[in-house]
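# Survey of secondary and tertiary structure
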Amino acid sequence: MHSDPRSPIGIIDSGMGGISIRTALVRAMPHEETIYWADTAHCPYGGKARKEIVQLVRAGVETLLTEGVKIIVVACNTATTAAIATLREEWPEMPFVGLEPAVKPAAETTRSGIIGVLGTEFTVRSEMFRTTARRYASGVRVIPVAGNGLVEAVEQGLEEAPETERLLRGYIEPLLAAGADRLVLACTHFPLLAPQIERIIDGRDMRLIDPAEAIARHTREILAASGLLYEPNGVTTEAPIHHFISTGGAEAAERLRLRAEQYAARLRKR
Ligand code: DGL
């Protein structure tokens, strides 16, 4: 197992969703190198069976281990829900960071006492989700919604398509009508749809909860606590290297890199 601060951070997602997490990681740890593994060939994961998702994510972990990563961020709610326990069992020395729906910050800040959770079918129907909701949102009404079709829309670059807006409205309007004032983005693809979601909720009392920054802080803490955070002393002119690997091939990896750059540029403008 690699335990060198100069080793890269590994990131896993079924496709482009990990971009939302990766951007926060790079902001929080600007000197760190990253390697992002996207399972584009098998995306989306959300409608698959647990066993199959575990199998697919395992392949991602193996690839990242070959690349010598020091930590793996499973930047996918679905993959975390399906596989994180198995991964921790199979690679006990590798630190894994997973994503659970950010029900806690939503429940702590809601004023209406009603929160919506938009995730994949797999995530919102899972036992892990029910446990998280019970643990962190007692006394709060949690309304889960399976955002079918949205992952595909992001993968195909169809954020601005009328069909995507129709899907989003179909998921979000009923939540607004029910009085939800927090919307947990429980799939890492969905922050890539934030401008479109914000247009729909414009002027209404609803706030989006994106876990990316909290995950980046948590990852930083784990690295710092284990002496694996790379923080060069003094001025360094070395720019960290960021790699993108896709099971969809070199073209898909290049698309991923471009989208990651666009997303980071959009957040910088905010
Ligand atoms: N980004 C993944 C998540 O957070 C999307 C899963 C999928 O491929 O359906 O759940």
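In short, a report on the structure. Just so we're clear, the structure is a prediction, and the values are computed from it rather than from any experiment. (Residues numbered from 1 in each chain as written. Predicted model: local features only at pLDDT ≥ 70, side-chain atom pairs only at ≥ 80, totals over all residues. Heavy atoms only, no water.)

## Quick word on the side chain of Ser20
Mapped onto the elements of the fold, Ser20 is located in helix H1 (residues 18-28). Looking at Ser20, the relative accessible area reads 2%, which means it is buried. Within the structure, the side chain of Ser20 is placed 3.0 Å from the backbone oxygen of Gly17, a separation counted as a polar contact. For Ser20, the residues in contact, after removing those within four places along its chain, are Thr188, Pro191, Leu192, Ala212 and Tyr263. (Helix = DSSP H or I, 4+ residues; strand = E, 2+ residues; numbered from the N terminus. Buried < 20%, exposed > 50% of the residue type's maximum accessible area, 1.4 Å probe, protein only. Polar contact = N/O pair within 3.5 Å; in protein donor to acceptor, adjacent residues only side chain to side chain. Contact = heavy atoms within 4.5 Å.)

## Section: unusual backbone geometry
With an omega of 5 degrees, the peptide bond between Cys43 and Pro44 qualifies as cis. Note on placement: Pro44 falls in the loop between strand E2 (34-38) and helix H2 (50-66).

## Here's the deal with the site of the ligand
Near the ligand there are 14 residues, and of these Ser14, Tyr45, Gly46, Thr78 and Thr188 occur at the shortest range. Thr188 places a polar side-chain atom, nitrogen or oxygen, 2.7 Å from a nitrogen atom of the ligand. Calculation on the ligand without its partners gives an accessible area of 300 Å², and the protein chains cover 99% of this total. Counted by class, the shell around the ligand contains six nonpolar, seven polar and one charged residues. (Near = heavy atom within 4 Å. Areas by Shrake-Rupley, 256 points an atom, 1.4 Å probe, with all protein chains shown as cover. Nonpolar A, V, L, I, M, F, W, Y, C, P; charged D, E, K, R; others polar.)

## With respect to the nonpolar core
Among the nonpolar cores identified, the biggest contains 54 residues, and Ile172 and Leu183 are the most heavily contacted of them. Ranked by residue count, the leading element in this core is helix H8 (residues 162-178), at six residues. (Core = buried A, V, L, I, M, F, W, Y, C linked by side-chain atoms within 4.5 Å.)

## Some points on the packing of aromatic side chains
Here the structure, examined in full by the defined rule, presents one aromatic pair. Seen in terms of ring centroids, Tyr36 and Phe244 are 5.8 Å apart; in terms of plane orientation they differ by 35 degrees. Their pairing is tilted. Of this pair, Tyr36 sits in strand E2 while Phe244 sits in strand E9 (residues 242-246); the two residues are 208 residues apart in sequence, bridging distant segments of the chain. Exposure class is identical for Tyr36 and Phe244. Each is buried. (Phe/Tyr/Trp six-rings, centres within 6.5 Å; stacked < 30°, edge-to-face > 60°.)

## With respect to the pattern of salt bridges
All chains considered together, the criterion is met by 16 salt bridges. Here Asp205 ties to Arg111 by a salt bridge, and the two come within 3.3 Å at their closest N and O atoms. One end of the pair, Asp205, is in the loop between helix H9 (194-201) and strand E8 (207-209); the other, Arg111, is in the loop between helix H4 (103-109) and strand E5 (114-119), and 94 residues separate them in sequence. A salt bridge links Arg257 to Glu254, with the shortest nitrogen-to-oxygen separation between them at 2.6 Å. One end of the pair is Arg257 and the other is Glu254, both in helix H11 (residues 250-269) and three residues apart, which spans about a single turn. (Salt bridge = Lys/Arg side-chain N within 4 Å of Asp/Glu carboxyl O.)

## A short note on the environment of Leu87
Assignment of secondary structure puts Leu87 in helix H3 (residues 77-90). Once residues lying within four places of it in the same chain are set aside, the contact partners of Leu87 are Val57, Arg58, Val61, Val74 and Phe96.

## A few points about the sheet that holds E9
With respect to topology, five strands assemble into an open sheet ordered E4-E3-E1-E2-E9, the strand pairing being parallel. Of all strands in the sheet, those with a lone pairing partner are strand E4 (96-97) and E9, marking the two edges. Pairing of strand E1 (residues 9-13) with strand E3 (residues 71-74), which is carried by four bridges, proceeds in the parallel orientation. Residue Ile9 lies in a different strand from E3, and its bridge partner there is Ile71. Helix H10 (residues 212-225) contacts E1, E3 and E4 of the sheet and is inclined by roughly 160 degrees relative to E3. (Pairing = 2+ DSSP bridges. Axes fitted to C-alpha atoms, helices over the stretch in contact; angles between N-to-C directions.)

## A word on the state of the cysteines
Following the criterion strictly, the structure yields zero disulfides and no others. This cysteine, Cys43, is not joined by any disulfide, and Cys76 carries the nearest cysteine sulfur, 8.1 Å off. Among the residues examined, Cys43 registers a relative accessible area of 19% and is labelled buried. Between Cys76, a cysteine without a disulfide, and Cys187, which holds the nearest cysteine sulfur, the sulfur-to-sulfur distance is 6.5 Å. (Disulfide = S-S within 2.5 Å.)

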